[in-house]
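# Examining the three-dimensional arrangement
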Amino acid sequence: MCGIVGYLGTKEAFPILIKGLHRLEYRGYDSAGVALVDKNGNLNVYKTKGKVANLEDYCRDKDISGTVGIAHTRWATHGEPSDKNAHPHFSQSKHIALIHNGIIENYLTIKSFLIEKGYKFQSETDTEVLVQLIEYVMQEHKLPLYEAVYQALTQVIGAYAIGVIEKDNPNILVTARTASPLIVGIGDGEFFLGSDASPIVEYTKNVIYPEDRQVIKIERGKEIEIRSLDKEELIKPEIKQIQLSLDDIEKGGFPHFMLKEIFEQPKSLSLCMNGRLQREQKEIILSGVRENIDKFAKAKRILITACGTSWHAGLIGKYLFETLCRIPVEVEVASEFRYRNPVVFKEDVLIAISQSGETADTLAAMELAKKQGAFIYGICNVVGSSVARLTDSGTYTHAGPEIGVASTKAFTTQVCVLAMTALAVAKELHTIKEEDYKRIVTELCNIEEKISTILKKTKEIEDISKIFTYARNFLYLGRGFNYPVAMEGALKLKEISYIHAEGYPAAEMKHGPIALIDEEMPIVVVAPHYDMYNKILSNVQEVKARKGRIIAIVTEGDVDIKKQADYTIEIPQTEECLSPLLTVIPLQLLSYYVAIAKGRNVDQPRNLAKSVTVE
Ligand code: G6P
């Protein structure tokens, strides 16, 4: 959460910083700010509550000149969203300005120390403590900015990606990271900072991904200097190429990123399977599985951990691994797993799933399992992210950047990777019959086309969604592989429309949620035609008997559920274990159009952030 941007070079910094903030706004949008050293040597800080557009308005009559600057878009942790809690924060003398993504855990101790030294604080944030500490170290030890940042960070516990500039030296920009994402872009005589590559890609493809505990000096006309807090000697920068294109991060004619990303799913799944699914031979080749098959072979169980939508993908992973590989699986939200003192065996395989690769709880869960000797397999979208770096092995989803806060294409590519992984493991361990393997792999080859067929029903789904904007509650029901899909559908709806929704295993409904059903209540039933069809038909009848309004997701040609449901949306037939890849699509569209009809900001729903880098 929170997005940071920085620039030092020959151009005017402000437009670059503002554009960068817009691209990072998915990370938080309760307040925003910018700091620049202007041509007269003033350090100007402008910040305001609200979105980046508010900041732009606020700055219209201000001096926004300067070729060095930092900017921030916030998702509040310490202190409510307000002008004073917005970043950048000034030091006491207003000679230094700092932006920060993360949490300084020992900020209260440092704050008390600084208060004793006479420092006064303007905000309720943990961040302000750091900028004051830097100034204190600078004055006390007569150090230049870079050295002072370095010394100050040796006293800090917590997570941070920071950018720091100073009034007296417009040629310097200092940055550092521990456990929060940071990329440094290197252009021709100019440098960029970003929480991800999106603010940088327009200007340069050459980047450095700083490691944890590295502090970096960016100086006009010089090579960058990197040192670790653990060792003082200089570290040689390793320059890498960003694999992102500008098209990836723009809306491409869609009104919202979420809709663009829903429609991108045939393409993102194709990219996800590219080089892994051998379409002619009907084979899956996953190097991460092949090279580590011994780990899967000796695993008595698989642990899956993740948060949010990625956790829902993990729940489908359980059905996949247990069905295809006959390995028991436990799935747990990372925030519970990490604090539960869980039992982890050395033979366990822990699969961590994360779109961003930066979710703090998922990272902590991985670290815990790693310490206890488990083999860590990562499924993650962002190349080079912290999750990717912490794993022993894994598979990227290659969904491309997902910017809409409500996750869509990340989910389907995660499920696809889980399906490919389970199939590859099952094949190696001989827990699947060859004919079953070939049949499922053949279906995987057709999945993008089947998703495209569902996307053609968008208008139909939009019309249904308009009928249900009155609802205050929704119930989503599913069974087996589609129980987690029901949960995911409910999550999508509540995230962006703010309608309360619950996802439930269909048969469990009679132990509670059935009490909520009346003629007002919409019930979305995920009911494709598989072995449990008659069971779910009974659940549908139970709903109907209580006058609930049923929207059913059914397989093409369905007869029985159609008779009971008020509205049905048909999806093509596929293998049951792959069906979540299809059933989730109408649910994504349904939530999108309900939210649109209610006038919600679907790409930036209130209180949420795309990447949750705090616990
Ligand atoms: C946030 C996002 C969700 C996401 C979850 C886990 O809550 O809004 O869309 O599913 O974090 O994020 P991750 O990046 O680890 O998949």
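Conventions adopted
- Residues numbered from 1 in each chain as written.
- Predicted model: local features only at pLDDT ≥ 70, side-chain atom pairs only at ≥ 80, totals over all residues.
- Heavy atoms only, no water.
- Helix = DSSP H or I, 4+ residues; strand = E, 2+ residues; numbered from the N terminus.
- Buried < 20%, exposed > 50% of the residue type's maximum accessible area, 1.4 Å probe, protein only.
- Contact = heavy atoms within 4.5 Å.
- Areas by Shrake-Rupley, 256 points an atom, 1.4 Å probe, with all protein chains shown as cover.
- Lys, Arg positive; Asp, Glu negative; His and termini not counted.
- Charge placed at Lys NZ, Arg CZ, Asp CG, Glu CD.
- Near = heavy atom within 4 Å.
- Polar contact = N/O pair within 3.5 Å; in protein donor to acceptor, adjacent residues only side chain to side chain.
- Nonpolar A, V, L, I, M, F, W, Y, C, P; charged D, E, K, R; others polar.
- Domains from an automatic or database assignment.
- Buried area = accessible area lost by both parts, 1.4 Å probe.
- Salt bridge = Lys/Arg side-chain N within 4 Å of Asp/Glu carboxyl O.
- 1 Å grid on protein atoms, 1.4 Å probe; cavity = no way out; pocket = protein on both sides within 12 Å on 5 of 7 lines; lining within 4 Å.
- Points joined across faces, edges and corners; volume = space filled by probe spheres on them.
- Pairing = 2+ DSSP bridges.
- Axes fitted to C-alpha atoms, helices over the stretch in contact; angles between N-to-C directions.
- Phe/Tyr/Trp six-rings, centres within 6.5 Å; stacked < 30°, edge-to-face > 60°.
- Core = buried A, V, L, I, M, F, W, Y, C linked by side-chain atoms within 4.5 Å.

### Focus: the overall build of the chain
From N to C terminus, the chain includes 20 helices and 27 strands. Principal-axis analysis of the C-alpha atoms places the extent of the chain at approximately 80 × 55 × 45 Å. Scored against the burial criterion, the 615 residues of the chain give a buried share of 61%. The contacts in the chain between residues at least 6 apart in sequence include a share of 71% that link residues at least 24 apart. Put simply, the chain shows about 23,400 Å² of open surface, and 49% of that area lies on carbon and sulfur atoms. A gap of 2 Å separates the mean positions of the 73 positive and 81 negative side-chain charges of the chain.

### Notes on the site of the ligand
Every one of the 13 residues lining the ligand counts as a neighbour, but S310, S354, Q355, S356 and T359 are closest to it. Separating an oxygen atom of the ligand from a side-chain N or O atom of T359 is a distance of 2.4 Å. Taken by itself the ligand offers 380 Å² of open surface, and the protein chains cover 92% of this. The greatest single-element share of the shell around the ligand, amounting to three residues, is contributed by helix α10 (residues 308-325). Residue classes in the shell around the ligand are distributed as four nonpolar, eight polar and one charged.

### So, the domain arrangement of the chain
You can read the domains of the chain as domain 1 (3-248), domain 2 (254-445) and domain 3 (451-608). Distance between the C-alpha centres of domain 1 and domain 3: 44 Å. Domain 1 puts four residues into the contact, and the matching count from domain 3 is six residues. When domain 1 packs against domain 3, the two sides together hide about 430 Å² of surface, and 34% of this comes from carbon and sulfur. The tally of links between domain 1 and domain 3 comes to zero salt bridges. Here domain 1 is connected to domain 3 by six residue pairs in polar contact (both at pLDDT 80 or more). Residues of the side of domain 1 that touches domain 3, tallied by class, amount to two nonpolar, no polar and two charged.

### Brief notes about the layout of surface pockets
Where empty space is left can be seen by rolling a probe of water-molecule size over the atoms. When its volume is computed, the largest pocket comes out at roughly 860 Å³. The wall of the largest pocket is formed by 39 residues, among which L244, N381, V382, V383 and P401 lie closest to the centre. Of all the elements in the fold, those that place two or more residues in the lining of the largest pocket are β15 (240-241) and α7 (265-273). Class assignment of the residues belonging to the lining of the largest pocket gives a composition of 15 nonpolar, 13 polar and 11 charged. Two domains each donate at least three residues to the lining of the largest pocket, and these are domain 1 (3-248) and domain 2 (254-445).

### Structural notes on the sheet that holds strand β21 (residues 375-380)
Spatial ordering of the open sheet is given by β19-β18-β20-β21-β22, a layout of five strands whose pairing is parallel. The open sheet has two free edges, formed respectively by β19 (329-333) and β22 (393-396), since each of these has just one partner strand. Each adjacent strand pair in this sheet contributes to an overall mean axis angle of 20°, direction not counted. On the sheet, α10 packs against β18 (302-306), β19 and β20 (349-354) and is oriented at approximately 175° with respect to β19. The strands touched by helix α14 (residues 409-429) are β20, β21 and β22; relative to β21, the strand with the most contacts, the crossing angle is about 140°.

### With respect to the sheet that holds strand β5 (residues 89-90)
Pairing is antiparallel in the open sheet, where seven strands are placed in the order β5-β6-β7-β8-β12-β13-β14. A strand with exactly one partner marks an edge of an open sheet, and here the two such strands are β5 and β14 (234-235). Pairing of strand β13 (residues 225-228) with β14 involves two bridges; the strand directions are antiparallel. Bridging from a neighbouring strand, I226 pairs with I235 of β14. Helix-sheet contacts for helix α4 (residues 127-141) involve β5, β6 (96-104) and β7 (158-166), and the interaxial angle to β6 is about 130°.

### A few points about the packing of aromatic side chains
Within this structure, the stated rule accounts for 13 aromatic pairs. Between Y7 and F192, the ring centres sit 5.2 Å apart and the planes meet at 55°, which makes this aromatic pair tilted. With Y7 in strand β1 (residues 3-8) and F192 in strand β10 (residues 191-194), this residue pair connects regions lying 185 residues apart in the sequence. Here Y7 falls in the buried class, since its relative accessible area comes to 0%. Note on F192: relative accessible area 1%, which makes it buried. When the centroid spacing of 6.1 Å and the interplanar angle of 65° are considered together, the rings of F468 and F474 count as edge-to-face. What links up through ring pairs into an aromatic cluster is the set F468, Y470, F474, Y476 and Y567.

### Here's the deal with the nonpolar core
Ranked by internal contacts, the top residues of the largest apolar core, which has 90 residues, are I284, F474 and Y476. At 12 residues, α14 tops the list of elements feeding residues into this core. Built from parts of two domains, this core gets at least three residues from each of domain 2 (254-445) and domain 3 (451-608). With near-sequence residues (within four places) excluded, Y476 lies in contact with A486, G489, A490, L493, A501, E502, G503, Y504, V524, L587 and L590. Residues V149, Y150, V215 and L229 belong to the second largest nonpolar core, which totals 32 residues.

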